[in-house]
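Observations on the model geometry
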Amino acid sequence: MKKTLIALAVLAASGAAFAQSSVSLYGIADIALVKAKGSSAQLASGGVSTSRLGFKGTEDLGGGLKANFLFEEGIDLTTGALKGNGFARQAYVGLAGGFGEVKLGNVYTAYDDISGATNPVFDSVLAPTVVWASTGYISNPGSNIYYASPSFGGVSGAVSYALDGSKQKVTSVNVKYEGGPVYVGFGYQDEADRTGNKFTRLNGSYDLGVVKLLAGYGQVKPEVGSKTTEYSFGADVPLGSALTLSTGLASSKVDGGDNRNSVGLGVAYSMSKRTTLYTGFRKENKAAGDTSLFAAGVKHTF
Amino acid sequence: MKKTLIALAVLAASGAAFAQSSVSLYGIADIALVKAKGSSAQLASGGVSTSRLGFKGTEDLGGGLKANFLFEEGIDLTTGALKGNGFARQAYVGLAGGFGEVKLGNVYTAYDDISGATNPVFDSVLAPTVVWASTGYISNPGSNIYYASPSFGGVSGAVSYALDGSKQKVTSVNVKYEGGPVYVGFGYQDEADRTGNKFTRLNGSYDLGVVKLLAGYGQVKPEVGSKTTEYSFGADVPLGSALTLSTGLASSKVDGGDNRNSVGLGVAYSMSKRTTLYTGFRKENKAAGDTSLFAAGVKHTF
Amino acid sequence: MKKTLIALAVLAASGAAFAQSSVSLYGIADIALVKAKGSSAQLASGGVSTSRLGFKGTEDLGGGLKANFLFEEGIDLTTGALKGNGFARQAYVGLAGGFGEVKLGNVYTAYDDISGATNPVFDSVLAPTVVWASTGYISNPGSNIYYASPSFGGVSGAVSYALDGSKQKVTSVNVKYEGGPVYVGFGYQDEADRTGNKFTRLNGSYDLGVVKLLAGYGQVKPEVGSKTTEYSFGADVPLGSALTLSTGLASSKVDGGDNRNSVGLGVAYSMSKRTTLYTGFRKENKAAGDTSLFAAGVKHTF
């Protein structure tokens, strides 16, 4: 006999008393057939989003205060193997209320909230931003204290600080504005004694209805050596109620060094709110020669 | 406060709208006391079925189409350790409809659908087919594309192809017929560059009511060396509404080489649809001497 | 769309038929900021209780008999990593009824039921019993057979025996009395060929209403070498409906050897039945010098 988790709507119908303690099981199963130039075709997990399984819940503490928890593990769908040990994506307990939200544990950094927000081609394996260095930050430093502010007229911010007994700190901050068709997000992360890298990111998007324009700027400043400066531009074009085309380009330039460029184009077809088919290609120019990649996949969210 | 997953029946009662997105948690906890000749008695996980925990769900996409996912991990109940990394048993996303079902990811091969179907003594640790070489196939090659056809008058088939960038392919196919008291299943698996083995399996059963007869034939053909030919015969005898006896024998013969034989006998008592007690013994004759094994255990399905 | 597990109360309201098969998802997310003398402040998982995620269920077999299963994994909330491989805390199947309960698999020993029951300062990272050697027993020997008796006028007992093919047995027993304000618990564990240690524990508490008195006695007898004798005394003082103070001291003395002492003090504030804030300190005197520790954390149970 199978047991089934019930939708929140049923819960609400059963009376407010039960809304006080809800636990959810959620996740993504995303896999694509990928063919890179010079390689055999193969399956790759997470063409658009990392496949995952999560458990989360909220408790209403009264007075607008809530206690939250979330445990989330990443999965390589080609083998079923976990990506990292246990809940390496996220595992935290938090308190939320009028003051914002505090999360403690294995939480994504504040920079991570901004990083992929305006990457063209669905921030997927097809995204030209694959050439970027500023996507190579530490997203899960562990032992992280994260605070997100409430929204003030569309403006909100977050800060995180990874505490480590060995003094290998990661400090991260973001500010963003969301209002009507406009999104602007700024993120900064200092990895200090861990990698010595400082990451800066500025993203923006504008939704004109017939097209949503995307732009991104990134910078990586290592403790020693040259800094890298990066740009991306893209457009999401709704071709129908269920079909979206996205295209874009990205560049990454090391001061006095190499320049890498990439273009990508993809389409996504929503079979439902939770299930999407996608396909497209990506082409990359770099000093070592051109590469290109074709992918077609399915993403199922639950 | 404990949260409880609700039976599907409740879901249905709540209105069809919620049937569109159901997530289930399921599994098996199976453990047995096992005493092998010359060894101390010990607990062994999975006397009948591998202990496991799984998460699966179905989304109705309309027009008879469904999106499915399934994540399943094996558990050694004696230590709680996972069998393999993460969801090493299965992890896939799939689409099903009138055309059949496609699954992508870490899926069992088509051969696996057939392999244990008619093994005597509940395909358990007591099954005489333990002497078989044709049970030593790769069940989870990873990066697998699996297609199962719908049933045409009881006849259905499946094919799977494990895609691997390093060209270590596993190709697998099955055809089966199920109708009234008759079951016939044929499976073939070519492990090519992985092990060089080719597995063939033909299974059949006939349910006479007072007894269900079981027969199996297997063949393993390595790239180099002699082939192995194998037979099994068995009978499931219902002794009452809740009690079943199963017995059988199996042989495995390497061309121009060793012959191994085994007999097994077991009884299973269903305390409920989901909980079964079982016990029995298995005896094996081989060149290196006789071995025998006694087991008694409990299998709980949820 | 998020799926939500429903409270047992809803299940009951849906009719008794569904009470026959319930599966629960449960856990704890507990993290604290800890500052030890001479070290940097850092986050530590499980200030009061090990962070965990579990799955359990009960099936009513009729006639007062039930089948149970439980899978539970420990989590280091600072990294999300599992503590041990898979369900290293517990993984078992069991039968319960008028006769008591039998559990088979990866079950805690009978001694473990008693061990922390009267440790002062919430049996937390602030508990002075950290200096004890008798808390260093094997809690999860694996391949364990556990039996707990029903309560006879408040008296109950349990016995466990870890079966291991390599003869490394762990035998454990407990007896306890619970009635009105009184609790007394006795535990004994013989780790034979595993560590050679024999553990004895006697715990008691008396609830006077304005204060609950706690006392503990422990002894560790190694196969070779001197035995260790240990005491603890403590008090839980309810300061209000939601606020509890707990304090205590503990000592550990090796025969003819070192003496270690510790004191601890903590307060716990219940924001709700499921969410608690806690803080306090611990001080320890030992031959190698004094140490002390401050902690403040949050424990969320779901």
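Residues numbered from 1 in each chain as written. Chains lettered and ligands numbered in written order. Predicted model: local features only at pLDDT ≥ 70, side-chain atom pairs only at ≥ 80, totals over all residues. Heavy atoms only, no water.

Brief notes about the overall build of chain A
The condition that has to hold: The way it works is that DSSP assigns letters per residue, a run of H or I at least four long becomes a helix, a run of E at least two long becomes a strand, and they are numbered from the N terminus. Using C-alpha atoms as the atom set, the radius of gyration is obtained and then compared with a globule rule of 2.2 Å times the number of residues to the power 0.38. Think of it in three bands: residues with accessible area under 20% of the maximum for their type are buried, residues over 50% are exposed, and the middle band is partly exposed, with areas taken using a 1.4 Å probe on protein chains only. By the convention used here, residues are in contact when the closest approach between their heavy atoms is within 4.5 Å. Areas reported here follow the Shrake-Rupley algorithm with a probe of radius 1.4 Å; residue values treat only the protein chains shown as occluding.
Each helix and strand counted, chain A has three helices and 19 strands in total. Taking 19 Å as the expected radius of gyration for a compact globule of 302 residues, we find that chain A reaches 20 Å, a close match to that expectation. Taken over the C-alpha atoms alone, chain A extends approximately 60 × 45 × 40 Å along its principal axes. Relative to its 302 residues, chain A shows a buried fraction of 52%. At a minimum sequence separation of 6, the contacts of chain A that also span at least 24 residues come to 47%. Split by element, the accessible area of chain A, about 11,900 Å² in all, is 58% carbon and sulfur.

Topic: the packing of aromatic side chains
Just so we agree on the cut-off: Two rings from Phe, Tyr or Trp (for Trp, the six-membered ring) form a pair when their centres sit within 6.5 Å of each other. Planes less than 30 degrees apart are called stacked, planes more than 60 degrees apart edge-to-face, and all others tilted. Comment: the charge-over-ring label is applied if NZ (Lys) or CZ (Arg) is within 6 Å of the ring centre and within 35 degrees of the ring normal.
A full pass over the atoms with the stated rule returns 30 aromatic pairs over all chains. Look at B:Phe69 and B:Phe71: their rings are 5.4 Å apart centre to centre, the planes differ by 65 degrees, and that puts the pair in the edge-to-face class. Across the pair, B:Phe71 and B:Phe69 agree in class, each one buried. Measuring from centroid to centroid gives 5.6 Å for B:Phe71 and B:Phe87, while their planes differ by 45 degrees, and the two rings are tilted. Of this pair, B:Phe71 sits in strand β5 (residues 65-75) while B:Phe87 sits in the loop between β6 (82-83) and β7 (90-97), and the two are 16 residues apart along the sequence. Directly above the aromatic system of A:Tyr26 lies the positively charged group of A:Lys56, at a separation of 4.7 Å from the ring centroid. The ring of A:Tyr146 carries A:Lys103 above its face, with NZ or CZ at 4.9 Å from the centroid.

With respect to the environment of A:Lys103
All names here are of chain A. Secondary-structure assignment places lysine 103 in strand β8 (residues 100-106). Residues lysine 103 and asparagine 68, spaced 35 residues apart in sequence, show a C-alpha to C-alpha distance of 8.4 Å. When near neighbours in sequence (up to four residues on either side) are disregarded, lysine 103 contacts Tyr92, Val93, Gly94, Asn144, Ile145 and Tyr146.

Comments concerning the confidence of the model for chain A
Detailed reading of the predicted coordinates is not advisable wherever pLDDT is low. Residues and elements named next belong to chain A. Condition: Each residue carries a pLDDT score, the predictor's confidence in it, ranging from 0 to 100.
Residues with a pLDDT of 70 or more make up 92% of chain A, whose mean pLDDT is 91. Note on residues 1-20: pLDDT under 50 across the span, and 56 contacts to partners over four residues away in sequence or across chains. In the model output, the complex is listed with pTM 0.93 alongside ipTM 0.91.

Some remarks on the pattern of salt bridges
The condition is simple: The rule for a salt bridge is simple: a side-chain nitrogen of Lys or Arg has to be within 4 Å of a carboxyl oxygen of Asp or Glu.
Scanning all chains against the criterion turns up 13 salt bridges over all chains. Between A:Asp290 and A:Lys283 there is a salt bridge, with the nearest N and O atoms lying 3.4 Å from each other. Here A:Asp290 falls in the partly exposed class, since its relative accessible area comes to 41%. Residue classification places A:Lys283 among the partly exposed positions, given a relative accessible area of 35%. A salt bridge links B:Arg89 to B:Glu72; the shortest N-O distance between them is 2.6 Å.

Quick notes on the side chain of B:Arg52
Applicable threshold: Each polar contact in these results corresponds to two N or O atoms within 3.5 Å; when the atoms are within protein, one needs to be able to donate a hydrogen and the other to accept it, and residues that are neighboring in sequence are counted only if both atoms are side-chain atoms.
By the secondary structure assignment, B:Arg52 is in strand β4 (residues 52-62). Classification of B:Arg52 as buried rests on a relative accessible area of 16%. A polar contact of 2.9 Å, which involves the side chain of B:Arg52, links it to the backbone oxygen of B:Thr50. With near-sequence residues (within four places) excluded, B:Arg52 lies in contact with B:Tyr26, B:Gly27, B:Ile28, B:Glu72, B:Glu73, B:Gly74, B:Ile75, B:Arg89, B:Phe302 and C:Phe71.

Brief notes about unusual backbone geometry
Positive phi is not limited to glycine here, since A:Phe122 has a value of about 65 degrees. The phi dihedral of C:Asp123 is positive, around 50 degrees, even though this residue is not glycine. Topologically, C:Asp123 is positioned in the loop between α2 (110-115) and β9 (144-148). Overall, the relative accessible area of 36% leaves C:Asp123 in the partly exposed class.

Regarding the environment of B:Asp112
All names here are of chain B. Tracing the chain through its elements places aspartate 112 in helix α2 (residues 110-115). When its relative accessible area of 21% is taken as the criterion, aspartate 112 is described as partly exposed. For the pair aspartate 112 and serine 139, spaced 27 residues apart in sequence, the C-alpha separation works out to 6.0 Å. Setting aside anything within four residues of it in sequence, one finds aspartate 112 in contact with Tyr137 and Ser139.

With respect to the side chain of A:Ser251
Locating A:Ser251 in the fold gives a position in strand β16 (residues 243-254). If sequence neighbours within four positions are ignored, A:Ser251 has contacts with A:Trp132, A:Thr229, A:Glu230, A:Tyr231, A:Asn259, A:Arg260 and A:Asn261.

With respect to the pairing of β5(B)
All names here are of chain B. Note the cut-off: Should DSSP find at least two bridges between two strands, the strands are regarded as paired.
Counting buried residues in β5 gives nine out of eleven residues, a clear majority hidden from the surface. When β4 meets β5, the two strands line up antiparallel, connected through ten bridges. Note that in β5 the partner of glycine 57 across the bridge is phenylalanine 69. Joining the antiparallel neighbours β4 and β5 is a turn of two residues, in which glycine 63 adopts a positive phi near 65 degrees. In terms of strand pairing, β5 meets β7 through seven bridges, oriented antiparallel. Bridge pairing links leucine 70 to tyrosine 92 in β7. Sheet analysis places β5 next to β6, joined by two bridges and oriented antiparallel. Opposite glycine 74, over in β6, you have lysine 83 as the bridge partner. Counting the residues in the hairpin turn of β5 and β6 gives six residues, including glycine 80, whose phi is positive at 80 degrees.

Observations concerning the environment of B:Glu101
Residue and element names in this part refer to chain B. Mapped onto the elements of the fold, glutamate 101 is located in strand β8 (residues 100-106). Residues glutamate 101 and alanine 158, 57 residues apart in the sequence, show an inter-C-alpha distance of 9.2 Å. Ignoring sequence-local partners within four residues, the contact set of glutamate 101 consists of Asn68, Leu95, Ala96, Tyr146, Tyr147 and Ala148. Looking at glutamate 101, its side chain comes within polar contact range of the side chain of asparagine 68, at 3.0 Å.

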